[in-house]
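# A closer look at the structure
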Number of protein chains: 2
Amino acid sequence: MPQFSPLPKSSQPLEKGLHKDGRRLTPQRLRVLHLFEDLGSGRHLSAEDVHHKLVESNTKVSLATVYRTLRLLVEMGFLHQLELSENGHRFELANDDHPDHHHLVCIRCGRTEEFECDEVLEAGKLAAERIGFQLVESTLNVRAICPSCTPK
Amino acid sequence: MPQFSPLPKSSQPLEKGLHKDGRRLTPQRLRVLHLFEDLGSGRHLSAEDVHHKLVESNTKVSLATVYRTLRLLVEMGFLHQLELSENGHRFELANDDHPDHHHLVCIRCGRTEEFECDEVLEAGKLAAERIGFQLVESTLNVRAICPSCTPK
DNA sequence: GTTGATGCAAAAACTTTGCATCGTG
DNA sequence: CACGATGCAAAGTTTTTGCATCAAC
């Protein structure tokens, strides 16, 4: 009988949120969320990354379920979906300790740094208000070239 | 013999930029750029949109060439590639009359509005400087829900 | 005439879906 | 034990690529 890594402790908010909508808490959903939590804030993973890491740590999960779960966790507000990659979406933990923040991406090597800026958040909020939209989130994407990729 | 719409006047900046790198000015490249110029600033087209519009106006061009041309025009700085769509990239004219601006997207219906904000640009510039990156561009993506999509 | 660009079709990359089966509640 | 979730494989999207041919320079 194969050895599986132990299931993480149940997540109260996840379980409650799921049951509220008649959904079920499954090991796969728990693992995906815990993967992000274990890695900590500020990690940007693709669906493929998530699948790889889970399979590596002996979690039985299909890529299709990873896609379904990531979409679900975004809808539920546990993850944010980032729009900064050229190829494929990336996901990060939506964490209260690490609120709305922005991304600085090197267009050559893909290195990504984060930063916070209240003025930017305020500007996004104002822009939405002024036109009568209801704000969901606003993020500043800064495209730049990092020191290692700067031509001498 | 089929009737083709007349070729637009040659674009000096496009022609010069191409020749500088040993590239060639082709009718397809000219048409793609002129499509954006004719539509004016603030239009966000997918590769498929561009292909459709060109074929509609009797321009013989393949989808593969549209993709190749869009990438080229972005590299050359004639177009910007937007990162705001869930499915597929969108492109817009990079116009001096219509400088760095930001996008407000309805996450339900996709309606997109633009706005400008100097504070945001300044924040992006500062963030890049502080970490030693060389700024390329910074845009604020505001995700929101437009009035028609707001639940009553 | 050279060599870069195009068109076509095939393939690659990414994501969704139908359906039988499994397992949570 | 009902019905939501999963796995698998197939299909759908979006984008890229190899290669023969075409055409800009």
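Our structure is the block above this text.
No experiment lies behind these values; they were computed from the predicted model shown.

So, on to the interface of chain A and chain B. Many descriptions give the size of an interface as the accessible area lost when the pieces come together. If you look at the interface, chain A gives 36 residues, while chain B gives 36 residues. Between chain A and chain B, the buried area comes to about 3,000 Å², and carbon and sulfur atoms account for 63% of it. The largest per-residue losses of area from chain A upon contact with chain B belong to Glu83(A), Phe133(A) and Arg143(A), which jointly make up 22% of the total buried on that side. Inspection of the chain A/chain B interface yields zero salt bridges. Our count for the chain A to chain B interface comes out at two residue pairs in polar contact (both at pLDDT 80 or more). With twelve residues, strand E5 (residues 134–145) of chain A is the single largest residue contributor to the side of chain A that touches chain B.

Examined against the element boundaries, Glu116(A) turns out to sit in the loop between strand E4 (112–115) and helix H5 (118–131). Residues Glu116(A) and His102(A), spaced 14 residues apart in sequence, show a C-alpha to C-alpha distance of 5.9 Å.

With that settled, the discussion passes to the sheet that holds strand E3 (residues 102–106) of chain A. Strands sit in the order E4(A)-E3(A)-E5(A)-E5(B)-E3(B)-E4(B) across an open sheet of six strands; the sheet is mixed. Either end of the sheet is taken by a strand with one partner, and the two such strands are E4 of chain A together with strand E4 (112–115) of chain B. Here the strands of the sheet are splayed against their neighbours by 25° on average, with no regard to which way each runs. Note: strand E3 (residues 102–106) of chain B against E4(B), four bridges, orientation antiparallel. Bridging from a neighbouring strand, Val105(B) pairs with Thr112(B) of E4(B). With respect to the sheet, H5(A) is in contact with E3 and E5 of chain A together with E3, E4 and strand E5 (134–145) of chain B, its orientation differing from that of E5(A) by roughly 130°.

Take the relation of the copies chain A and chain B next. One chain copy maps onto the other through a rotation about an axis and a shift parallel to that axis. Placing chain A over chain B gives an RMSD of 0.1 Å and needs a rotation angle of 180°, together with 0.0 Å of translation along the axis. Both copies are brought into coincidence by an operation consistent with a two-fold rotation axis. Among all residues of chain A, the minimum C-alpha distance to the rotation axis is found for Leu140(A), at 2.1 Å. Of the interface residues in chain A, 100% have counterparts in chain B that sit at the interface too, so the contact is made through matching surfaces.

A few words now on helix H1 (residues 12–20) of chain A. Residues and elements named next belong to chain A. Inspection of H1 places Leu14, Gly17 and Leu18 among the buried residues, and these make up the whole buried set. What you see down the axis of H1 is that its buried residues fit within an arc of 95°, all on one side. With respect to the buried face of H1, the exposed residues turned more than 90 degrees away are Gln12, Lys16 and Lys20. Residues of H1 that are buried in the fold lie against helix H2 (27–39) and helix H4 (63–75). Downstream of H1 by a residue or two, glycine 22 has a phi angle that is positive, lying close to 70°.

This part is about the environment of Glu113(B). Tracing the chain through its elements places Glu113(B) in strand E4. Each C-alpha atom of the pair Glu113(B) and His102(B) lies 8.4 Å from the other, and the pair is eleven residues apart in sequence.

On to the protein's contact with DNA strand D, then. As a structural note, the neighbourhood of DNA strand D is formed by 20 residues, with Arg29(A), Thr65(A), Arg68(A), His19(B) and Tyr67(B) the closest of them. Of everything in DNA strand D that lies within 4 Å of the protein, sugar and phosphate atoms constitute 68%. One of the side-chain N or O atoms of Arg29(A) is found 2.8 Å from a phosphate oxygen in DNA strand D. Ser62(A) has a polar backbone atom sitting 2.9 Å from a phosphate oxygen of DNA strand D. Elements with a minimum of two residues in the surface near DNA strand D: H2 and H4 of chain A together with helix H4 (63–75) of chain B. Looking at side-chain class alone, the surface near DNA strand D contains five nonpolar, eight polar and seven charged residues.

This part covers the protein's contact with DNA strand C. Around DNA strand C, the structure places 22 residues, and the nearest of them are Arg24(A), Tyr67(A), Arg24(B), Thr65(B) and Arg68(B). Expressed as a percentage, the sugar and phosphate content of the atoms of DNA strand C within 4 Å of the protein is 67%. Within the side chain of Tyr67(A), a nitrogen or oxygen atom sits 2.7 Å from a phosphate oxygen of DNA strand C. A distance of 3.1 Å separates a sugar or linking oxygen of DNA strand C from a polar atom in the side chain of Gln28(B). Of all the elements in the fold, those that place two or more residues in the surface near DNA strand C are H4 of chain A together with helix H2 (27–39) and H4 of chain B. Counting residues per element, the surface near DNA strand C draws most heavily on H4(A), which supplies four residues. Looking at side-chain class alone, the surface near DNA strand C contains six nonpolar, nine polar and seven charged residues.

Right, let's talk about H2(B) for a bit. In an α-helix, one full turn covers 3.6 residues, which means residues spaced three or four apart are oriented alike. With 13 residues, H2(B) should reach 18 Å at 1.5 Å per residue; the first-to-last C-alpha distance of 18 Å fits that figure. Taken residue by residue, H2(B) has Leu30(B), Arg31(B), Val32(B), Leu33(B), His34(B), Leu35(B) and Phe36(B) as its buried positions.

The rules behind the values
Residues numbered from 1 in each chain as written. Chains lettered and ligands numbered in written order. Predicted model: local features only at pLDDT ≥ 70, side-chain atom pairs only at ≥ 80, totals over all residues. Heavy atoms only, no water. Contact = heavy atoms within 4.5 Å. Buried area = accessible area lost by both parts, 1.4 Å probe. Salt bridge = Lys/Arg side-chain N within 4 Å of Asp/Glu carboxyl O. Polar contact = N/O pair within 3.5 Å; in protein donor to acceptor, adjacent residues only side chain to side chain. Helix = DSSP H or I, 4+ residues; strand = E, 2+ residues; numbered from the N terminus. Pairing = 2+ DSSP bridges. Axes fitted to C-alpha atoms, helices over the stretch in contact; angles between N-to-C directions. Least-squares fit on C-alpha atoms with pLDDT ≥ 70 in both. Buried < 20%, exposed > 50% of the residue type's maximum accessible area, 1.4 Å probe, protein only. Arc of directions from axis to C-beta. Near = heavy atom within 4 Å. Nonpolar A, V, L, I, M, F, W, Y, C, P; charged D, E, K, R; others polar. Expected span 1.5 Å × (residues − 1).

Distances and angles like these do not, on their own, reveal function.
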